[in-house]
Amino acid sequence: MSLTLHPGYLPTAIGRVVELHAQFYSALVGFGLPFEARVARELAEFCERYGDHRDGLWLLLKDGVVEGSIAIDGAHAQQSGAHLRWFIVSDKVRGTGSGTVLLTAAMSFCESRHYQHVHLSTFEGLDAARHLYEKFGFALKHQQLGKQWGSEVNEQRFERQA
């Protein structure tokens, strides 16, 4: 299996990252149209305003196909911290260390930009992802029941201080 890490956008990346999220979260917790539309809209907006000096996007490719992604949205890094977003790996590469590769790239980027605070939003029950977040210094700071992704889940906010 040939995995490569590609920094930045590639044609079809938005659609493929949305597809990965929609497939995974639909099967896991029943997220549907509201979730998929939100991921598509926010990822497209991020890509349109992307700035190399503040933002990062990494795509994990297997034989040229996007099988994972992660992004750092630095638009509000100075005020409220950098936002880790769109972290996903496909079933094809899950369990291969690809999540660690993606998080390493994102956290190295944050360190190179001197981002002192990084946060992410997720929900309870994603134990493998939580393990990785904690391995990289993130800590759970807040949780509450919510429906921001279309179905009620125990939403969580993780934060990392440099």
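Residues numbered from 1 in each chain as written. Predicted model: local features only at pLDDT ≥ 70, side-chain atom pairs only at ≥ 80, totals over all residues. Heavy atoms only, no water.

Undergrad: Which parts of the structure should I look at to understand the environment of S80?
TA: In this fold, S80 is placed in helix α3 (residues 77–80). Here S80 falls in the partly exposed class, since its relative accessible area comes to 37%. Taking the C-alpha atoms as reference points, S80 and I14, 66 residues apart in sequence, are found 25 Å from one another. Excluding residues that lie within four positions of it along the chain, S80 makes contacts with H117, H119 and R157. (Helix = DSSP H or I, 4+ residues; strand = E, 2+ residues; numbered from the N terminus. Buried < 20%, exposed > 50% of the residue type's maximum accessible area, 1.4 Å probe, protein only. Contact = heavy atoms within 4.5 Å.)

Undergrad: What is the right way to read the sheet that holds strand β2 (residues 56–62) from this model?
TA: The strand order across the open sheet formed by 7 strands is β1-β2-β3-β4-β5-β7-β6, and the pairing between neighbours is mixed. Two strands close off the open sheet at either side, each with one partner strand: β1 (3–7) and β6 (139–146). Each strand of the sheet is rotated relative to its neighbour by a mean of 20°, with strand direction disregarded. Alignment of strand β4 (residues 82–89) against strand β5 (residues 117–123), held across 2 bridges, turns out to be parallel. The partner of A82 across the bridge, within β5, is V118. (Pairing = 2+ DSSP bridges. Axes fitted to C-alpha atoms, helices over the stretch in contact; angles between N-to-C directions.)

Undergrad: I keep staring at the pairing of β4 and nothing clicks. Help me out?
TA: Extensive coverage of β4 is indicated by the burial of 7 of its 8 residues. Strand direction decides the pairing type here: strand β3 (residues 65–73) and β4, joined by 5 bridges, are antiparallel. Note that in β4 the partner of G68 across the bridge is V89. This β-α-β element, β4 to helix α4 (residues 98–112) to β5, shows right-handed connectivity. (Right-handed = clockwise from strand over helix to strand, strands pointing away.)

Undergrad: Honestly, the packing of α4 against helix α5 (residues 127–135) in this entry has me stumped. Any pointers?
TA: Two quantities define a packed helix pair, namely the angle between the axes and the distance from one axis to the other. Two elements in contact, α4 and α5, have axes whose closest approach is 11 Å; the angle formed by their N-to-C orientations is 40°. When the interaxial angle is binned, α4 and α5 end up oblique. Where α4 crosses over α5, the two elements pack in a sense that is right-handed. For the pair α4 and α5, contact is made by G99, T100 and L103 and by L132, Y133 and K135, respectively. Across the contact of α4 with α5, the residue classes tally to 3 nonpolar, 2 polar and 1 charged. (Parallel < 35°, antiparallel > 145°, perpendicular 65-115°, else oblique. Left-handed = near helix turned anticlockwise from the far one by under 90°. Nonpolar A, V, L, I, M, F, W, Y, C, P; charged D, E, K, R; others polar.)

Undergrad: Can you help me understand the packing of aromatic side chains in this one?
TA: Geometry of an aromatic ring pair is reported as the spacing of the ring centres plus the angle between the planes. Counted under the stated rule, the structure contains 13 aromatic pairs. Between F87 and Y133 the ring centres are 6.0 Å apart and the planes differ by 55°, which places this aromatic pair in the tilted class. Of this pair, F87 sits in strand β4 while Y133 sits in helix α5; the two residues are 46 residues apart in sequence, bridging distant segments of the chain. Classification of F87 by relative accessible area gives buried; the value is 12%. Chaining the aromatic ring pairs together yields one cluster made of F24, Y25, F31, F35 and F123. (Phe/Tyr/Trp six-rings, centres within 6.5 Å; stacked < 30°, edge-to-face > 60°.)

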